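Remarks on the overall topology
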Amino acid sequence: MAQLLIVDDEAHVVERLAELVPWERIGIAAVHKAYSAFEALEVLNAHAIDIVISDIRMPGMSGLELSRRIRDKQPKTKCILLSGYAEFDYAKEAIASGTASYLLKPVTDEELLDTVSGVLEAVREEWNAVISQERIARTLRENLPQLRSTLIGELLLGKRYSEADLRDKMEMLGVPDLFGKPVSLLLVRLEKPFYGYDPRGLALVEYAVGNIAGELFAPGFKLWAGKDTYDYLVFAVSSEAIEEGAEEEREQALERAAEQLQEAIHAYLKGEATIVISREGTFPGDVSALYDGTLSALRRRVGSEQDLILTAADGLPERTELRSLASLYELPTLAQLLEAGQWDAADRRIERIFGELQTMSGCIQELLLEAYFAIASAASSYAHKNGRPLSELIGPGYDQLLQGVPYRSVRHLQDWSVALMNSLRCETESETKRSRAKLIADVRQFVERRLAEDVSLTAIAEHVYMHPVYISKIYKRETGENVSDYVHRLRMEKAARLLLHTPGKIYEIAADVGYQRAHSFINVFKKHTGLTPQEYRDRYASPQSDYEVKRYDTST
């Protein structure tokens, strides 16, 4: 839905165009008003305006100059100029200034709607060109290395994708098909002198290392390059050239290639690097575990030593020690799911955490402690980022948090965790409803108190400190009525009451309901009721009213 700005130094023109033209018919969601070009520039800075309709002659800054400024600063915003002058020179200037269209006053509603609709279509065509397949493909090619690195980084940290989604992403990014194949990880830590490089210089070195690896590992290995959160280079490596079952031969070939990579870094990049080779696993299910093992080997067997090559299995006993709960740390984490309001996904994560706990054996109390702290931390982080004490959000469950870890079984901790998620969700949804109800009340109170003044969506947004599009959508969703329709209805209802129960003149009543000119009010009222204000008063005012019925002056 588009946003429109109407600019004219004659307020009655702005009001008539904003109130009487059925903009919603052509997809205009919000109509903003400005009474000078300078005010228009302020509105343009505050809102995402799609089309500006401006008078061409205004004091201070003309519509032509406004159009030029918009073209220079916001080229996606289109301008339509209105003028009471038919001189061709104005039209030529308007076209030269990048104006989308030029109309002569007086202009009919249908002519205006047709013109705006045509400009909107031109805007859509421009955006279609922006998101065209050719442009997307070109942009994708330019960003492939970063996108590939991001995807493998997510897999390293345990993010789960369905097989179909992951295959689609890998195919789109031109990543080798590794599904179900034996895969190893190479972790490359660039060392002196590279850690002293500036970001640009380091990026060039990383790019060079990736290219060198691609040359050295081909054609025997398929390679997928990326980076982890510690800025180590990571390569997922798979070989189909060597027969299945020949694990030792594959390992030797991989180690030879890693040695060549290290030597190339010495010879051509004049630096050092430590390379750690993981055990072999199956893609994609084992990738996260392989990465954890490689990091562990780097930490435990290499430490601060530099320029080494290590296979993760070298000198390490089989991993029989306690394992961490992988589902606690998968991306997005539980804390991230709560922060994003993805409650269903958070519930599924809780279910998976406890499903994993059920399969674990040994040191179960430590695993329960790990799960408890992670879940409690996610809940606390969510509450505090929303400016609320956790005790307010979860009620009685907070007392159990203060007691430490009272749960001695997986079932008890699971019940507590499910109840915790339910409490957070229910309280948040209730808060959302309360917040929306307050917004509706604030909007109505503002409009009712200032009906004779500026009650545009822009003015309302400034009053409640929220974006006008958000206000418009929430108001319509909660009440079934547009804000502009509410304002219009309230004005007409108040005008009808004043006509029937006060002796005010037509121009006075017009001012009381926000119209600076009686002529505009008369047109709007007749369109709403089918009668002019005087006809309405003559027909419906009772002789027993609390004032003497008179004929009223309708002059302006």
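Check the entry above for the structure.
What this report covers is the structure whose coordinates are included nearby. (Residues numbered from 1 in each chain as written. Predicted model: local features only at pLDDT ≥ 70, side-chain atom pairs only at ≥ 80, totals over all residues. Heavy atoms only, no water.)

**Thoughts on the layout of surface pockets**
Taken as a whole, the largest pocket spans an internal volume of roughly 1,300 Å³. Considering the residues around the largest pocket, the lining is formed by 45 residues, among which S288, A289, L290, D292 and A326 are closest to the centre. Per element, the largest residue contribution to the lining of the largest pocket is 13 residues, and it comes from helix α10 (residues 287–302). When its residues are assigned to classes, the lining of the largest pocket shows 21 nonpolar, eleven polar and 13 charged. (1 Å grid on protein atoms, 1.4 Å probe; cavity = no way out; pocket = protein on both sides within 12 Å on 5 of 7 lines; lining within 4 Å. Points joined across faces, edges and corners; volume = space filled by probe spheres on them. Helix = DSSP H or I, 4+ residues; strand = E, 2+ residues; numbered from the N terminus. Nonpolar A, V, L, I, M, F, W, Y, C, P; charged D, E, K, R; others polar.)

**What to know about the nonpolar core**
In summary, soluble globular proteins display a tendency toward joint burial of nonpolar side chains. Counting 32 residues, the largest nonpolar core has L338, F354, L357, I375, L420 and L424 as the members making the most contacts within it. When residues of this core are traced back to their parent elements, those giving at least two are α11 (334–339), α12 (343–359), α13 (364–385), α14 (390–394) and α16 (410–449). With ten residues, the top contributor of residues to this core is α13. Counting residues in each nonpolar core, the second largest holds 29 residues, with L155, F179, V287 and L310 among its members. (Core = buried A, V, L, I, M, F, W, Y, C linked by side-chain atoms within 4.5 Å. Buried < 20%, exposed > 50% of the residue type's maximum accessible area, 1.4 Å probe, protein only.)

**Remarks on unusual backbone geometry**
Geometrically, the link from K192 to P193 is a cis peptide bond, its omega value of 0° lying close to zero. Here P193 is to be found in the loop between β6 (182–190) and α8 (199–217). A cis geometry characterises the amide bond from F283 onward to P284, with omega recorded as 0°. Along the chain, P284 falls in the loop between β10 (281–282) and α10. Even without being glycine, K270 reaches a positive phi, approximately 55°. Note on K270: relative accessible area 62%, which makes it exposed. With a phi close to 60°, Y465 is a non-glycine residue in the positive phi region. Here Y465 lies in the loop between α17 (457–464) and α18 (468–479). Take Y465: its relative accessible area is 76%, and that puts it in the exposed class.

**What to know about the sheet that holds strand β4 (residues 78–83)**
What the five strands build is an open sheet, ordered β2-β1-β3-β4-β5; its pairing is parallel. With one partner strand each, in any of the chains shown, β2 (28–34) and β5 (101–104) form the two edges of the open sheet. The sheet shows a mean angle of 20° between the axes of neighbouring strands, taken without regard to direction. In terms of strand pairing, strand β3 (residues 51–55) meets β4 through five bridges, oriented parallel. When the sheet's bridge partners are listed, S54 is paired in β4 with L81. (Pairing = 2+ DSSP bridges. Axes fitted to C-alpha atoms, helices over the stretch in contact; angles between N-to-C directions.)

**As for the pattern of salt bridges**
This model, assessed by the stated rule, comprises 33 salt bridges. With its nearest N and O atoms 3.7 Å apart, the salt bridge here joins E126 to K76. Linking E126 in helix α5 (residues 109–130) with K76 in the loop between α3 (63–73) and β4, this pair joins segments that are 50 residues apart in sequence. The salt bridge partner of R425 is D344, with a shortest N-O separation of 3.0 Å. Note that R425 is positioned in helix α16 and D344 in helix α12, a separation of 81 residues in sequence. In this structure R425 comes out as partly exposed when scored by relative accessible area, which is 22%. Under the relative-accessibility criterion, D344 is labelled partly exposed at 45%. In this structure, a network of salt bridges that share partners links the residues E15, E19, K33 and R491. (Salt bridge = Lys/Arg side-chain N within 4 Å of Asp/Glu carboxyl O.)

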